[in-house]
Structure formats: structure tokens, C-alpha cells
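# Coordinates in review
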Amino acid sequence: MLSLGLTACLPNEKQDAKVVINKNPYPSTYQALPAQSVLLTNATILTGTGVRLNDADILLVNGKIMQVGSDLSAGNAKVIDMTGKWITPGIIDVHSHLGVYPNPQVESHSDGNEMSSPNTSEVWAEHSVWPQDPAFETARAGGVTTLQILPGSANLFGGRGVTLRNVPSVTMQGMKYAKAPYGLKMACGENPKRVYGSRKVLPSTRMGNVAGYRSAWLAATEYQRAWDKYDSDYSAGKNPEAPKRDLELDTLMGVLDGEILIHNHCYKAEEMAVMIDLGKEFNYHSGTFHHAIEAYKIADLLAANGNCAAMWPDWWGFKMEAFDMVEENVAIVDAVKNSCAVVHSDSSTTIQRLNQEAAKVMYRANEHGFALKEEDAIKWITANAAKSLGIDDEVGSLVVGKKADVVVWNTNPFSVYAQAEQVFIDGAKVYDRYDDKYQAISDFLLGQTLDSYVDSDTSKAVNKSSTESVNSSENNSANKPAIK
């Protein structure tokens, strides 16, 4: 007892400064542009909540949606008559490679796929983003206000994605969506087993793919346990030694802690089912399945597990795992209660017309017995996309209090004749089809008079590449072999 008493009187060991991981070392510097209070009147409004309002008004004040309804009072807001126009939430693309595979599409710009290891969780797409990519401007002209930039699909773990506000900026940080969680790009199926199997390293089979995931999550679990013990011991007054930092495991631990969302390139139904079970084995959520060509086969499983599926309307057949496609895929997933169907681009071309990509699905599904309306289909590129990115509390629908991300269309946005006439982000106009003051030009293009320096054929090619890429971002020669 005397010994215990003397021990209790001894001073505690002095603690070293606590080691804390900076989870946001590259913070957003985005600042909303100045916004004028505006009342848009007499439009057809698709709210993104499954509601269509005819001859309705929307009031934008201080960058937020203040009111949506009929016969609204303008107060001090500028009133703009939108008779004959349609209004939707800003379009959100959950799968883009703008800035990491920018235009012009040349080898020196191929910065989206770190094909040096099956697990490159340590890389962050934001560190490759080139904000001067002219495709950001052409996407904005198509109504895209928010987009997730992802690494490519060559690896089991491709690295972190980043969500951007589609505003002109000279830095990535000036576009970065401050409250959007990071995403971790994973890939199933043919791509990783082909890329690394050709090098005679694991994986070379689908079972090798899964073994690679499991090994990585085992290491991440031990890493998480070590940091949890360090934090616990430090809080108890001890002076423990901090675990050695590992950038790869930092990202995987972020997933296990629920701070980073999974975005999984995965085509086949049985593989998506395995990935759901993998998440359950290691106690993380399997997130959003991208491309998901066979999602229609497991629509009920996806809904029950809370998985979003981000899909193309009609891309299929370009490799074996892409063969078993139906053009009603999105609609079948959407038909299940509590589902989350998303239409994505994965292309610098189709991102400019995601409204019409969604229209393809609606048309083909209705041709085969569905009864989808515009107010249903708009959710695939707005509200559901926001849910996939973990930002649906702020954007994705025209709801009072949310950010005023708004697109004004000249006609029904699901028409082949539809054009975005005005685009607002945080209530500030960032695009106007009829006012060149709101048609930002990339610094890369600004001031270039190409006809003065190159022959006319080259000029035409460069001008075309600056507005509309003819190749998919994952299918150009600079990016192979990590194609779709």
C-alpha cells in the first residue's frame, strides 16, 4: 500500500505535442460571385423533388432560394419574365475527368490515371486538375454547375476524387466545393486485372481483384486501430508514440471513418453484389456504382443497401463486361422504392448535354411501358447526383434555403432543341447565351488568334477540341490501357 501511495504521488510523464492528421491540407478558397436578388416569373419549374410547377416563380436572394411558387412578391428583387422558359436545378455530373484529361487531348495532359500500382489510394485527382481546361466552360453552357473529378479506372484503388463548383478560376482551390466529402475511386472487373495481369503481378483475375481489396482493407483496419489507440492513450494522459503516417492508408482510414465516400467503377451485377459484401466485411458503405451496366439485374439489392448507380443511357458493347445492357437500365433502377438512379457523362462531350442523355432514358423507357415524366427524369442529373456526392443538403433541388444553383432553358430541357440560356451558381449568373459578358473564356484560349499563327486546317481542329471533344476522356490514346 505504501508503494502504491508513493507511485500515485509521482508526476505523470510529460506529454509530447499530440500528432493530428490534417484532413484538409488543400482547403477550398471558393468565393461565390456577387449575386443580385432576382425573381424569375411565369416559368415551368422542375424542382428536382419530383414536382412540376406550371406558370410558377422562383425568388433568389443572397445566393439562396428564398421562395418557389406562384404570384410571388418581388420586394427589392429584379423581376425577369420567363414566360415559355423552363427552370431546373443546376446539373450535377458525378463522373467527370475534366481538368485531369483536359483539352487539347495530348499526352502531356494525361494526368488522370496513376497506373503504377494496383493501389494508389495516396493520389488525389485535385492535384492534377488544370482549371484552364476549356471543357469547363462548355459544360457550364450545358447547365452543369457542380461536378466530381475522378481518377481513372486502371487500379483497384485509383485515388481520391474532388467535387468542384463549375466557376472560372485560375486555381483548383478556387473551384473546390468546401463542404463536399472526398470520394475514393475504386474499380472492378476487366481494367485492373488486365493492366496488372499484363505485368504478371496481382491482380490478373477477378478473384485477384477481390484479394487485393481485402488485403488493403485489412491494412487500413490495423492502421485505424493504431490511431484510435494512440488517441485513446493520449486522452488518458499517457505519452504514446504516434503511428507512422501513410498517405495510402490515410485515405482508406477516411473511408472506414465514414468521411470519404466510395465511387466504384463496376459493370457487372455479380461484382457489384460482391463489393456490397466487401463493404459489410470491413464495415464501410460501398457507395455509388459507376457505369453499372447490369444494375437493372440487382436494382432491389442496390436500393436495399442504399447504393446509388450512376449510368450511361446507351453506352454498351465496347468490351465484354459491357455487353449485357438494356436501354431501360436507369429507369429500372429508378423504379424501385428508395432507389438512387443517376445519369453521368464520363465524357467531355456528353457532359455538355446531360439533359438530353437523361431524355434518351425517359424516351426509351416510356416506349417500353414506363410512364416517366420530366419531373421524374430531372432527378437523375440533379437531386440523385447530389445524394451520390453527399451534398444533397445544399444543392440538387429547388428547395427554400438551398444554394441558388439554377438553369433557365429556352424550352423543355428534354427536347433535342433545348439550350441553357442562363446559369446561376450561388445566385450569381455565370453563363448567359446572349450576353458575352457571361461567357467566360479559358485563359488558355484567351487572346489567341489562331488563324494568324497556324494554317486553317489546324485552326479548325484546335477550335473543335476547345468546344467539343470527339473522344471519351478514358478512351483517348494518351489514357490507354485504362479505358472504360
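Before reading further, recall that the structure is shown in the block above.
Everything in this summary refers to the structure shown in the same document. Not measured: the values here are computed from a predicted model.

### A few points about the sheet that holds strand E11 (residues 288–291)
- Strand order in the open sheet formed by eight strands is E6-E7-E8-E9-E10-E11-E12-E13, with mixed pairing between adjacent strands. Whereas interior strands pair on both sides, the edge strands pair on one side only; in this sheet they are strand E6 (91–96) and strand E13 (341–343). Each neighbouring strand pair of the sheet contributes to a mean axis angle of 25°, computed without reference to strand direction.
- Where strand E10 (residues 261–266) meets E11, four bridges bridge the pair, whose relative direction is parallel.

### Some words on a nonpolar patch on the surface
- On the surface, Trp316, Met320 and Phe323 cluster together to form a nonpolar patch covering roughly 380 Å² of accessible area.
- One can find Met320 in the loop between strand E12 (308–311) and helix H8 (329–334).

### Regarding the pairing of strand E15 (residues 420–425)
- Of all six residues that make up E15, six are buried, and the element is covered over most of its length.
- By the bridge criterion, four bridges tie strand E14 (residues 406–409) to E15 in an arrangement that is antiparallel. Looking across to E15, one finds that Trp409 is bridged to Ala420.
- In the sheet, E15 pairs with strand E16 (residues 428–432) via four bridges, with the strands oriented antiparallel. Opposite Phe424, over in E16, you have Lys429 as the bridge partner.

### Quick look at helix H9 (residues 354–367)
- Over its 14 residues, H9 runs 20 Å from end to end, which matches the ideal 20 Å to within 8%, given 1.5 Å per residue.
- For H9, the complete set of buried residues consists of Leu354, Asn355, Gln356, Glu357, Ala358, Ala359, Val361, Met362 and Ala365.
- In the segment just after H9, Gly369 is the residue with positive phi, at about 105°.

### Description of the packing of aromatic side chains
- Enumeration according to the criterion identifies 14 aromatic pairs in this entry.
- With a centroid separation of 5.8 Å and 80° between ring planes, the pair formed by Tyr26 and Trp124 is classed as edge-to-face. Placement of Tyr26 in the loop between helix H1 (2–9) and strand E1 (38–46) and of Trp124 in the loop between E6 and helix H2 (135–141) is noted, with a sequence separation of 98 residues between them.
- These aromatic residues form a ring-pair network of at least three members: Phe157, Tyr213, Trp217 and Tyr284.
- Geometry around Tyr182 places Arg160 over its ring, the cationic atom sitting 4.9 Å from the centre.
- Cation over ring: Lys429 sits above Tyr438, and NZ or CZ is 4.8 Å from the ring centre.

The rules behind each value
Residues numbered from 1 in each chain as written. Predicted model: local features only at pLDDT ≥ 70, side-chain atom pairs only at ≥ 80, totals over all residues. Heavy atoms only, no water. Pairing = 2+ DSSP bridges. Helix = DSSP H or I, 4+ residues; strand = E, 2+ residues; numbered from the N terminus. Axes fitted to C-alpha atoms, helices over the stretch in contact; angles between N-to-C directions. Patch = residues over 30% accessible without salt bridge, like charges linked within 9 Å, V, L, I, M, F, W, Y side chains within 5 Å. Areas by Shrake-Rupley, 256 points an atom, 1.4 Å probe, with all protein chains shown as cover. Salt bridge = Lys/Arg side-chain N within 4 Å of Asp/Glu carboxyl O. Buried < 20%, exposed > 50% of the residue type's maximum accessible area, 1.4 Å probe, protein only. Expected span 1.5 Å × (residues − 1). Phe/Tyr/Trp six-rings, centres within 6.5 Å; stacked < 30°, edge-to-face > 60°. Lys NZ or Arg CZ within 6 Å of the ring centre and 35° of its normal.

What is shown is where atoms sit, not what they do.
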